[in-house]
Every structure is written in structure tokens, then in C-alpha cells.
Amino acid sequence: MNLPTSEPRMRGVFPILVTPYDDAWRVDVDSLRRLVDFQLGAGVHGLGLALGSEITKLTEAERTLIARTVVEQVEGRVPVVVNTGAPSAQLALHYARSAVDAGADALMMTPPGGGADVDAFFETVSAESPVPIFVQDTGQAHVSAEKAKALAERFEPIQYVKVECPPTPVHVLEMVRQAGEALTVFGGGGGTYLIEELNRGSKGTMPGCSDPAAFVAVWDSFRQGDLVAAQADFYQRILPVNRLAAQSWGAFYHVHKEILRRRGIIKTAKVRGPMGALDAVTRQELDALIDVLFSET
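Thresholds applied
Residues numbered from 1 in each chain as written. Predicted model: local features only at pLDDT ≥ 70, side-chain atom pairs only at ≥ 80, totals over all residues. Heavy atoms only, no water. Buried < 20%, exposed > 50% of the residue type's maximum accessible area, 1.4 Å probe, protein only. Helix = DSSP H or I, 4+ residues; strand = E, 2+ residues; numbered from the N terminus. Pairing = 2+ DSSP bridges. Right-handed = clockwise from strand over helix to strand, strands pointing away. Core = buried A, V, L, I, M, F, W, Y, C linked by side-chain atoms within 4.5 Å. Contact = heavy atoms within 4.5 Å. Axes fitted to C-alpha atoms, helices over the stretch in contact; angles between N-to-C directions. Phe/Tyr/Trp six-rings, centres within 6.5 Å; stacked < 30°, edge-to-face > 60°. Lys NZ or Arg CZ within 6 Å of the ring centre and 35° of its normal.

> How should the pairing of strand β8 (residues 204-207) be read in this particular structure?
For a regular strand, side-chain orientation follows a simple rule: the groups alternate between the two sheet faces. Here β8 shows a buried face lined by G204 and M206 and a second buried face lined by T205 and P207. As paired elements, strand β1 (residues 12-13) and β8 share two bridges and run parallel to each other. When the bridges of β8 are listed, G12 appears paired with G204. The sheet contact formed by strand β7 (residues 184-190) and β8 spans three bridges and is parallel. If you follow G190 over to β8, its bridge partner there is P207. Of the crossover connections in this fold, the one passing from β7 over helix α7 (residues 194-199) to the parallel β8 is right-handed.

> Just checking my understanding: could you explain the nonpolar core for this structure?
Soluble globular proteins tend to pack their nonpolar side chains together in the buried interior. L35, V70, L107, F122 and I158 are the most contacted members of the largest nonpolar core, which has 70 residues in total. Tallying contributions element by element places helix α3 (residues 89-102) first for this core, with eight residues.

> What am I meant to see in the sheet that holds strand β4 (residues 106-109) here?
The strands making up a sheet associate through backbone hydrogen bonding, with each pair oriented either parallel or antiparallel. If you walk across this open sheet you meet the eight strands as β1-β8-β7-β6-β5-β4-β3-β2, and the pairing is parallel. Looking at which strands have only one partner, the edges of the open sheet turn out to be β1 and β2 (47-49). Inspection of the sheet shows β4 paired to strand β5 (residues 133-137) by three bridges, in the parallel sense. When the bridges of β5 are listed, L107 appears paired with I133. Contacts from helix α6 (residues 168-179) reach β6 (158-163) and β7, with the element oriented near 155 degrees to β6.

> Just checking my understanding: could you explain the packing of aromatic side chains for this structure?
All told, the structure shown has eight aromatic pairs when counted by the stated rule. Between the aromatic rings of F14 and F186, the centroid separation amounts to 5.3 Å while the plane-to-plane angle is 90 degrees, which identifies the pairing as edge-to-face. Here F186 lies in strand β7 and F14 lies in the loop between β1 and α1 (29-41), a separation of 172 residues in the sequence. We note that F14, like F186, is buried. Here the aromatic rings of Y21 and W25 are separated by 6.1 Å at their centres, their planes lie at 45 degrees, and the arrangement is tilted. Residue class for Y21 comes out buried when judged on its relative accessible area of 0%. Exposure remark for W25: the relative accessible area of 38% places this residue in the partly exposed category. Ring pairing ties together the aromatic residues F14, F134, Y160 and F186, which thus form one cluster. Across from the ring centre of Y160, 5.4 Å away, lies the NZ or CZ of R9, which sits over that ring. Over the aromatic face of Y95 sits the side chain of R63, whose NZ or CZ is 3.7 Å from the ring centroid.

> Before we go on, may I ask you to explain the environment of R11 in this structure?
Here R11 is to be found in the segment before β1. Between the C-alpha atoms of R11 and G188, which are 177 residues apart in sequence, the distance is 13 Å. Once residues lying within four places of it in the same chain are set aside, the contact partners of R11 are H45, F186, K203 and R223.

Next up, the structure:
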């Protein structure tokens, strides 16, 4: 479903998929296919492979494998966005070519931090991109609204921005006000500020993938003008999971994978190291939360 620039803009709920592993730490393709079907069954509007997919811990062969597997399983039903950011423009371009060859409908890139030449970076990767590009704005590599707008006006493939620099509601509002005509603004950060971001004009979110139906429910209710229903689902189904996932470094991966394992979607909840396990108290809290939220699934 490679989207030419004339196609309608992507928007909505684009969960970032985890990468499931088997008992030998290999990519578990069967679990990944089930995970894709689980998302599609929930009515998501797109899918993403990014940092939440442990993409930086995968070999190049594994990156290609998961991208091809997801694209094949989706069968064109929703767009697939693949993060191809890297410390250098040349490496980002290498990853971008591979993702496009695998069938990615859009790319997402965080520019290198540390005062790197952002314009030169995106000039290199945009020159060859046949698909749209998301600029990923993070706390480690903040892209201002003014800069994002300038990039979009200069480079045609840059059509989206994912705002993750905290506090995201503040930066979403600024991005919408200054660059909203040039870019479609998505929120990030696991969807923890989804309601606030929607209130400020974001057109999509890229959350965790353990409960996609909850995010779709919030999106649908908000779009229908039912803020009460949107808030109810958000505070009852989404926020408790996100709070646990933010308890410690790496908790995001452990929490979402364990929920998916307990729901029968993936075979194991393995997370590639170095990544500390959940402490005993957080593990107990997660078990209790799963019993409350997902005991009937």
C-alpha cells in the first residue's frame, strides 16, 4: 500500500508492534503474525515498527524479516510505518531502502542529536524516498515546530511529525499551530497523553500494542464528540497500563509483552538485554492489573 503524496493523509491509531521471540531468542514469526491479526481485529488504522519493537537490537536480517512479515500479514489493509532512523544519514538511507523494499508505506526517522545538521540529514534521506516520512521529535533530538515546518516545505516526502518531546501536549499544540498546514501531527509517548493531544489537534497516536481496542475506542468516541466515553476508556483501560510501563527503564517492553503473552497473542514475553527484569512489586502489580483488565480475554 505504498502511498503516493496525492493519497489522503494517514491518521488514527498506529500501534507500535513488539518483536516476539521464541525460546531460543529468535524472531517468532508465528507470534508476530498473530499480533498483526490481533491489531487488525481491533480496528487499528495503521501499524508501526520502531523503538518499541526493539528495532535497534535486531540484526539487519531480522529487521527485514519483521518488516516483510508484517507487510505480508497486513495485505494492504492498513499502512505500515517503519522507523529507519540512524546516527548517520547514510545508514538511515540504507535502512530506508530496505524498509521500502520490504513494502513499508511510510518511514519514520529521528535526526541525530548533539547539534547534527538536521537539514543535511533529511536532504539525504528524502532524496530517494518514494514514500512519506515521519519526523520523530524526541527529548534527545528535539525538532521545533519552526524547524519541522521548514523541513516539510523543503522536502516533499516529509509529511508527518510524531511529537514525543515532553511535555507532549505543549509541543503538540505548538506543532499544530505552527506547522499543522504542512504536516499531519501524531502524538507518541505510548499514548499517555492521548486525550490532551487530541484536544490540541493531533491527528493520530502511536501507542503500545497490548490493548489496541482501548485506543480505538478512545479515538472513535473522541471523533464522535463523546468526550465522557473517551475519558472513561482512557482512564480505566489505558492509563493504568501506561503508568506501570513507566515504572522503570525497560518496563515498557516487559509490561506490554507480558500482557500479550497472557492474552495468548505471543508465545513468550522475552525482552532482549541489557534490560532489567521487572522488580517483584511491579510484577505483582502487573499480575493484578492483568487479572482486572483482561481476565475475560
